[in-house]
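# Breakdown of the fold
Here is how the chains run, residue by residue.
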Amino acid sequence: MTNDQSQRTVFTHCLICEQLCGLEVAVEDGVVKSIRPDKQNPYTWRDFCVKGQRSHEVASSPWRVRMPMKRVDGRFVEASYEEAVSDIAARLQAIIARHGKDAVAGYLGNPMGFSSGAAAWHFSFLGALGTNQKYGVQSIDSNAKHVACDAMFGLETLALIPDIDATDYALLIGTNPAVSKFNWGGKVPNGWRRLKDRVHAGAELVVVDPRRTESAASASRHVAPLPETDWAFLLGLIKVILDEGLSRLPSEIAVTGRDALYAICEATSLNRLAALCDIPVHEITAVARGFAAAPRGFAFAGTGPALGRHGVLTHWLTLALNVLTDRLDRPGGRFAPNWPYNMPMTKGHSEPKRRSRVRGIETVVGQYSLSELADEILTPGQGQVRALIVGGGNPVSTGAGGDHLARALGQLELLVSVDLFQRESHREAHWLIPAVHFLEREEVHVALHSMNDRPFIQSTRQVIEPPPGLRPEWTFYHDLAAAMGLELFGGHISHPDQMAAGMLAGSGKVTLEQVRASEHGLIYGERTMGHFLEYFGKQDRSVDVCPERLAGGLKAALTGDVKTSLPLPGHYRLISRRRNGMMNSSLTETSGSVGHDETDDAVEINRIDAEQAGIAEGDWVEVRSDTSTIRACATLSGDIRRSTVVLAQGWGSPLLDPATSAVAYLRGNERNKLVSDADLDPLSAAPRLNGTLVAISRIG
Ligand SMILES: Nc1nc2c(c(=O)[nH]1)N[C@H]1C(S)=C(S)[C@@H](COP(=O)(O)OP(=O)(O)OC[C@H]3O[C@@H](n4cnc5c(=O)[nH]c(N)nc54)[C@H](O)[C@@H]3O)O[C@H]1N2
Ligand SMILES: Nc1nc2c(c(=O)[nH]1)N[C@H]1C(S)=C(S)[C@@H](COP(=O)(O)OP(=O)(O)OC[C@H]3O[C@@H](n4cnc5c(=O)[nH]c(N)nc54)[C@H](O)[C@@H]3O)O[C@H]1N2
Ligand code: SF4
Ligand SMILES: [Mo]
């Protein structure tokens, strides 16, 4: 940190996405003047984006919740923390006394993955209360991956990072790193440019996506299947590889299920698989042979298929493809890091599995699906949810069945939102509890840094002062527990630093003091591979490439009618895309700095489909599904495959003025209102945020 009276430069890192880019922040008189990438950061210095560059505008937004706010006669008025804590504690106690512990639920959104203290204290608080009603963003994000990893490896949270710099063949399925970056439980800073460097050096890059994305534009091959049919494409690849004897198995561990998978492949034909995904047989064969022959390669699936009807099948078959071609823990393949704190290797299930009260669906990573929450609130009986604490999430806009959930939230006896802002999901809140922005807090997030593609760790710095009187988010749960006479962490942990120090001490490689002392972050070792297979072998564990439960789902999908995979004329499968300047439904609060272009309110339709439907460029259209109707402006494109349309996700979610709940910022329409919370991937309980069947017609 350079320092004179009024001007300072502070080095910290971003906490918006998993890239955790190092930032160089210029501060003058306590106000951020500019944010640039920290070029002295030894690990992330080539990575950066507009979200980090403008992050200070979020902290200084006029719409920010700056004090606890209590709803009184339809408005929110500021109150003290003491009043908030004692009122919420009293209401929770009364609800539990009348209805039992499961009447209180918690939901954590995406940014809570970036605030170790807030997330840990939230969970510890729910644990101390004794409620089973825990919900999280995973069920609209990564459930497919957790279920697949659990079934194959017995490790729900296994992170397998692509070794980009050494790869000869990257097969990307439903991920768009040119916009979203390489981060989904495993991070590769600047990964997209690093991959493009490999492509320039001759590596193959195959992008499987119904849309010719920013990533597909740089690929050596773009494969455009129908949405939700990647499993058929992948099974085709596996069939070719097994039929042609191209499979190689890892020598260090036992692999089971190969014969069972082969039997499933035998029972179907390449022609049928090709028809299901609408990709020609010769293309499937070419990718299969190319992938198997590449000395070093990996297959990686993202959120595109994970948020569709067959997300688990897709993630399973992607992992199986990697196992059958010996890509795990190999250079240029996918590897599990073992630094400094390896969550996946220390535990299998995060918690014992339970089944939900209303729909009887099994938990994933210890949580029920967000898609079940509305029913759990609205369905009477023992265990009906009456109170909810939402930490850093906007589930009405980012999950499925938003109208259903909004109606349910309005029925709650107590809704508490812990957030920097008031959004659509917090309209009916009884309390708004403020949060501290990442530029205002010092934090060592050990778990996130454990998913780096090399051993590196850094602390954030407090760059600016939080609003006067604002308290760290975790202390809200701490104080609430104290007011209710509950003990958190069994009385063993009283501060997030203590938690970080303990996790680091377990590794024996680096201490909290050393991390704190390094201004630009610390590389504390060489990158090594092989830990995962070694660990697995030592434990005498095997990988199952054809788990029974998933195989049942695959067989059921295979009996589906090929014709029904193509929607009827005038009907389309709706998928999503991310915006450069937004993080899911967030970052519109920067007073318009998020940017806006014509395509934002647009539904992207294939040019030929549009012409057949009599829709012209710029026409206003109605997009209808079983649950809702929205208006959008048609953009005709050759980049989206036939019978598929795209709307930006997160866009169109209103930001509210916390005092009046009036809309402070709103552009566009909420596409997720079109998605049902009843139509889920049967294996993961994730909703069909991609693959929603919609009808589109021109407005008069
Ligand atoms: N700028 C920006 N960056 C972000 C985010 C953001 O909101 N904005 N969000 C962050 C978060 S939370 C996450 S989890 C990551 C996600 O990172 P990614 O998983 O890379 O997510 P997307 O960029 O949405 O890419 C998904 C792709 O899947 C395609 N797709 C949709 N349905 C299907 C299908 O059925 N099959 C196939 N093969 N493809 C399909 C879509 O066209 C899209 O190109 O991104 C992170 N990065
Ligand atoms: N159609 C479609 N829907 C999708 C997706 C898709 O690809 N397509 N992607 C899905 C994915 S991958 C994800 S991760 C989800 C994300 O969905 P959400 O978890 O709802 O993410 P956000 O929309 O970013 O809302 C996060 C909230 O956290 C608040 N926040 C930010 N920082 C902090 C903090 O430090 N503390 C607290 N307490 N609050 C904070 C923000 O103000 C905001 O209100 O959306 C999912 N929804
Ligand atoms: S949001 Fe942008 S700047 Fe922040 S960590 Fe992610 S890529 Fe880096
Ligand atoms: Mo996500």
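Use the structure listed above.
Each value, and the rule that gives it
- Residues numbered from 1 in each chain as written.
- Chains lettered and ligands numbered in written order.
- Predicted model: local features only at pLDDT ≥ 70, side-chain atom pairs only at ≥ 80, totals over all residues.
- Heavy atoms only, no water.
- Axes fitted to C-alpha atoms, helices over the stretch in contact; angles between N-to-C directions.
- Helix = DSSP H or I, 4+ residues; strand = E, 2+ residues; numbered from the N terminus.
- Parallel < 35°, antiparallel > 145°, perpendicular 65-115°, else oblique.
- Left-handed = near helix turned anticlockwise from the far one by under 90°.
- Contact = heavy atoms within 4.5 Å.
- Nonpolar A, V, L, I, M, F, W, Y, C, P; charged D, E, K, R; others polar.
- Expected span 1.5 Å × (residues − 1).
- Near = heavy atom within 4 Å.
- Polar contact = N/O pair within 3.5 Å; in protein donor to acceptor, adjacent residues only side chain to side chain.
- Areas by Shrake-Rupley, 256 points an atom, 1.4 Å probe, with all protein chains shown as cover.
- Domains from an automatic or database assignment.
- Phe/Tyr/Trp six-rings, centres within 6.5 Å; stacked < 30°, edge-to-face > 60°.
- Lys NZ or Arg CZ within 6 Å of the ring centre and 35° of its normal.

Let us look at the packing of helix 13 (residues 311–324) against helix 23 (residues 548–558). One way to put it is that helix 13 packs onto helix 23 with a least axis distance of 10 Å and a crossing angle of 115 degrees. When the axes of helix 13 and helix 23 are compared, the pair comes out roughly perpendicular. In the crossing of helix 13 with helix 23, the sense of the turn from one axis to the other is left-handed. The segment helix 13 lies against helix 23, with Val-312, Leu-313, Trp-316 and Leu-317 engaging Leu-550, Ala-551, Gly-553, Leu-554 and Ala-557. Residues belonging to the contact of helix 13 with helix 23 are distributed by class as follows: eight nonpolar, one polar and no charged.

Looking now at helix 3 (residues 81–99). Over its 19 residues, helix 3 runs 26 Å from end to end, which matches the ideal 27 Å to within 8%, given 1.5 Å per residue. Where helix 3 is buried, its residues contact strand 7 (104–108), helix 4 (116–129), strand 16 (387–391), strand 17 (414–418), strand 19 (431–433) and helix 19 (473–483). Positive phi appears at Gly-100, one or two residues downstream of helix 3, with a value of about 95 degrees.

Moving on: the site of ligand 1. Inspection of the region around ligand 1 gives 30 residues, with Thr-175, Ser-180, Asp-209, Asp-230 and Met-582 positioned closest. Between ligand 1 and Arg-579, the relevant distance is 2.9 Å, taken from a nitrogen atom to a main-chain nitrogen or oxygen of the residue. One of the backbone nitrogen or oxygen atoms of Asn-584 is found 2.8 Å away from an oxygen atom of ligand 1. Protein contacts shield 96% of the accessible area of ligand 1, which totals 920 Å² for the unbound molecule. Elements that contribute at least two residues to the shell around ligand 1 include exactly helix 6 (177–180), helix 12 (303–306) and strand 23 (571–577). Taken together, the residues of the shell around ligand 1 break down into nine nonpolar, 14 polar and seven charged. Here the shell around ligand 1 gathers at least three residues from each of two domains, domain 3 (143–340) and domain 4 (567–698).

Here we come to the packing of aromatic side chains. Applying the stated criterion across every chain, the model contains 12 aromatic pairs. Ring geometry for Trp-121 and Phe-489: centres 4.5 Å apart, planes at 65 degrees, overall edge-to-face. In this pair, Trp-121 is assigned in helix 4 and Phe-489 in the loop between helix 19 and helix 20 (496–507), connecting sequence segments 368 residues apart. Taken together, the aromatic side chains of Phe-153, Phe-532, Tyr-535 and Phe-536 make up a single cluster linked through ring pairs. Over the face of the ring belonging to Trp-184 we find Lys-145, whose NZ or CZ atom lies 4.0 Å from the ring centre. In this structure, Arg-579 is placed above the aromatic ring of Trp-651, and the distance from its NZ or CZ to the ring centre is 4.2 Å.

Purely geometric numbers; function is a separate question.
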